[in-house]
Amino acid sequence: MNCVTLRSLGKNYGPEQVLSGIDLAILEGSVAIISGANGSGKSTLLRIIATLSKPSSGKVEVFGHDTQSHGETVRAMTGAMMHSPMLYSDLTVHENLTLFAQLCRLNDINSRIESVSRRLGIIELLNDSVRQLSHGFQKRVALARSIMHAPPLLLLDEPETGLDTVGLDALQEIVGEWRTSGRSAIIATHRPELLETTPDMHLRLDAGRVQQTHPQSA
């Protein structure tokens with residue numbers, strides 16, 4: 001089964017065409033890296049898959065669910081860490097994570113928060129407001145939020161940006177865990193060498209089109 005299927009996907013912002021006629025299938029249980037220069041359309045592609053932006057044309061399916069007609073189902077099956085952390089800056093770390101857990105109707109919220117916070121090294125920051133945190137720690141909080149409900153698909157947009165060695169190590173471990181557990185991850189980056197991750201599929205975007213794919217060698 002495909003975790004993500006794109007059919008003739010296009011995205012325009014006014015007269016500017018950001019994505020153009022992308023056809024793509026990413027298998028469930030795989031790690032896909034999307035590389036390309038800034039402005040190549042990587043972030044736009046992930047935002048569309050995450051239902052944060054609507055396509056101008058074409059169709060997107062996540063585990064067989066159309067993102068336009070089954071958006072709530074898709075959001076429950078994905079964990080998204082975008083280039084911007086997308087946190088409420090006036091709330092504490094704990095309040096941000098609690099709000100997300102409640103929206104996902106999770107059980108054992110406090111134990112889940114403690115678990116992901118220890119894993120990402122933010123347990124001492126739970127009572128700090130997000131506004132007080134450095135960009136790197138905000139990215140760690142965003143990553144904690146994205147894995148708290150153990151989604152079958154992780155969408156990570158330039159997750160390495162702003163992370164220190166501890167954060168990068170945690171990121172590598174999480175991506176490895178998603179692969180070995182049969183879950184999927186799609187990672188957009190313009191510096192794939194920083195991730196030390198061997199992808200099952202490597203896509204390169206250039207001017208809104210997929211230029212090449214490199215499946216992992218058997």
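What you see is a predicted model, and the numbers here were worked out from it, not measured in a lab.

### Section: the packing of aromatic side chains
And then number 1: With the rule as written, the count across this model stands at zero aromatic pairs.
And then number 2: Lying over the aromatic face of Trp178, Arg183 brings its terminal NZ or CZ to 3.9 Å of the ring centre.

### Here we look at a nonpolar patch on the surface
And then number 1: The grouping of Tyr88, Leu99 and Leu103 at the surface amounts to a nonpolar patch, some 320 Å² of accessible area in total.
And then number 2: With respect to the helices, strands and loops of the structure, Leu99 is situated in helix H3 (residues 93-103).

### Structural notes on the layout of surface pockets
And then number 1: Roughly 690 Å³ of internal volume is contained in the largest pocket.
And then number 2: The set of elements that each furnish at least two residues to the lining of the largest pocket consists of helix H2 (71-77), strand S6 (78-81), H3 and helix H5 (135-147).

### Some remarks on helix H4 (residues 109-119)
And then number 1: Three or more residues of H4 are buried, namely Ile109, Ile113, Val116 and Ser117. All buried residues of H4 fall inside an arc of 100° around its axis, so they share one side.
And then number 2: Where H4 is buried, its residues contact H3 and H5.
And then number 3: Immediately beyond the C-terminal end of H4, within one or two residues, lies Gly121, with a positive phi of roughly 70°.

### Focus on the nonpolar core
And then number 1: Counting residues in each nonpolar core, the largest one holds 35 residues, and the members touching the most others are Val93, Leu120, Met148 and Leu156.
And then number 2: Residue assignment for this core shows that the elements contributing at least two residues are strand S3 (31-35), H3, H4, H5, strand S7 (153-157), helix H6 (165-180) and strand S8 (184-188).
And then number 3: Each residue touching Met148, except ones within four places of it in the same chain, is listed here: Leu97, Phe100, Ala101, Leu106, Arg112, Ile113 and Val116.
And then number 4: Counting 30 residues, the second-largest nonpolar core is a separate cluster that includes Leu24, Ile26, Leu46 and Leu203.

### Some details on the packing of H5 against H6
And then number 1: Relative to each other, H5 and H6 sit at 15°, their axes nearing to 11 Å. Compared by their axis directions, H5 and H6 come out roughly parallel. Seen along the crossing, H5 lies across H6 with a hand that is left-handed. Judged by residue contacts, Arg140, Leu143 and Ile147 of H5 engage Val166, Gly167, Leu171, Ile174 and Trp178 from H6.

### Let's talk about the sheet that holds strand S2 (residues 16-27)
And then number 1: The sheet built from four strands is open, its strands ordered S2-S1-S4-S5 with antiparallel pairing. In the strand order of this sheet, the two ends are held by S2 and strand S5 (65-66), each with one partner.
And then number 2: Pairing geometry for strand S1 (residues 2-13) and S2, over eight bridges, is antiparallel. Pairing of Tyr13 across the sheet is with Glu16, part of S2.
And then number 3: In this fold helix H1 (residues 42-49) packs onto S1, S2 and strand S4 (57-62), with an angle of close to 120° to the strand it touches most, S1.

### Re unusual backbone geometry
And then number 1: At Glu158, a position not held by glycine, the phi torsion is positive, near 45°.
And then number 2: Among the secondary structure elements, Glu158 is positioned in the loop between S7 and H6.
And then number 3: Within the chain, Ala207 stands out as a residue other than glycine whose phi angle is a positive 55°.
And then number 4: Mapped onto the elements of the fold, Ala207 is located in the loop between strand S9 (201-206) and strand S10 (209-215).
And then number 5: Looking at Ala207, the relative accessible area reads 60%, which means it is exposed.

### Some remarks on H6
And then number 1: In this model H6 runs 23 Å from its N-terminal to its C-terminal C-alpha over 16 residues, within 8% of the 22 Å that 1.5 Å per residue would give.
And then number 2: Along H6, the residues classified as buried are Gly167, Ala170, Leu171, Gln172, Ile174, Val175 and Trp178.
And then number 3: Tucked into the core, H6 has its buried residues touching S3, H4, H5, S7 and S8.
And then number 4: Measuring from the backbone nitrogen of Val166 back to the side-chain oxygen at the start of H6 gives 3.3 Å, which picks out Asp164 as the cap.
And then number 5: Two residues or fewer after H6 comes Gly182, characterised by a positive phi angle close to 85°.

Each value, and the rule that gives it
Per chain, residue numbering runs from 1 following the sequence as it is written. Local features in this predicted model are restricted to residues of pLDDT 70 or higher, and side-chain atom pairs are both shown and tallied only at a pLDDT of 80 or more, whereas totals for entire chains, interfaces and linings draw on every residue. Neither water nor hydrogens contribute to the side-chain values; these are computed over all heavy atoms in the structure. Between 30 and 60 degrees the pair is tilted, below 30 it is stacked and above 60 it is edge-to-face, where a pair is any two Phe, Tyr or Trp rings, Trp via its six-membered ring, whose centres lie within 6.5 Å. The rule is short: NZ of Lys or CZ of Arg within 6 Å of the ring centre and within 35 degrees of the ring normal puts a charge over the ring. Patch definition: residues above 30% relative accessible area lacking any salt bridge, with like charges linked at up to 9 Å and the nonpolar side chains Val, Leu, Ile, Met, Phe, Trp and Tyr linked at up to 5 Å. What sets the accessible areas is the Shrake-Rupley method with a 1.4 Å probe; for residues, cover comes only from the shown protein chains. Salt bridge, as applied in this entry: a Lys or Arg side-chain nitrogen positioned within 4 Å of an Asp or Glu carboxyl oxygen. Runs of H or I in DSSP of at least four residues are treated as helices and runs of E of at least two as strands, each being numbered from the N terminus. Every definition here rests on a 1 Å grid over the protein atoms only: cavities are sets of points where a 1.4 Å probe fits but cannot get out, pockets are open sets enclosed by protein on both sides within 12 Å along at least five of seven lines, and lining residues have some atom within 4 Å of a point. Grid points are joined across faces, edges and corners, and a volume is the space filled by probe spheres set on the points. Burial classification: accessible surface area is computed with a 1.4 Å probe over protein chains only, and a residue below 20% of its type maximum counts as buried, one above 50% as exposed, and the rest as partly exposed. Along the arc lie the directions from the helix axis toward the C-beta atoms. Only heavy atoms matter for contacts: two residues are in contact if any of them lie within 4.5 Å across the pair. Only buried Ala, Val, Leu, Ile, Met, Phe, Trp, Tyr and Cys residues count toward a nonpolar core, and they belong to the same one when joined by side-chain atoms within 4.5 Å. Only C-alpha atoms enter the line fits that serve as axes; for helices the fit covers just the stretch in contact. Angles between N-to-C directions range over 0 to 180 degrees. These descriptions rest on fixed angle ranges, namely under 35 degrees for roughly parallel, over 145 for roughly antiparallel, 65 to 115 for roughly perpendicular, and the rest for oblique. If you view the pair so one helix is near and one far, a crossing is left-handed when the near helix is turned anticlockwise from the far one by less than a right angle, and right-handed when it is turned clockwise. In short, DSSP must find at least two bridges between two strands for them to pair. Given the number of residues in a helix, its expected span is that number minus one, multiplied by 1.5 Å. Here a polar contact is recorded for every N or O atom pair within 3.5 Å, except that within protein the pair must consist of a potential hydrogen donor and a potential acceptor, and residues adjacent in sequence are included only if both atoms are side-chain atoms.

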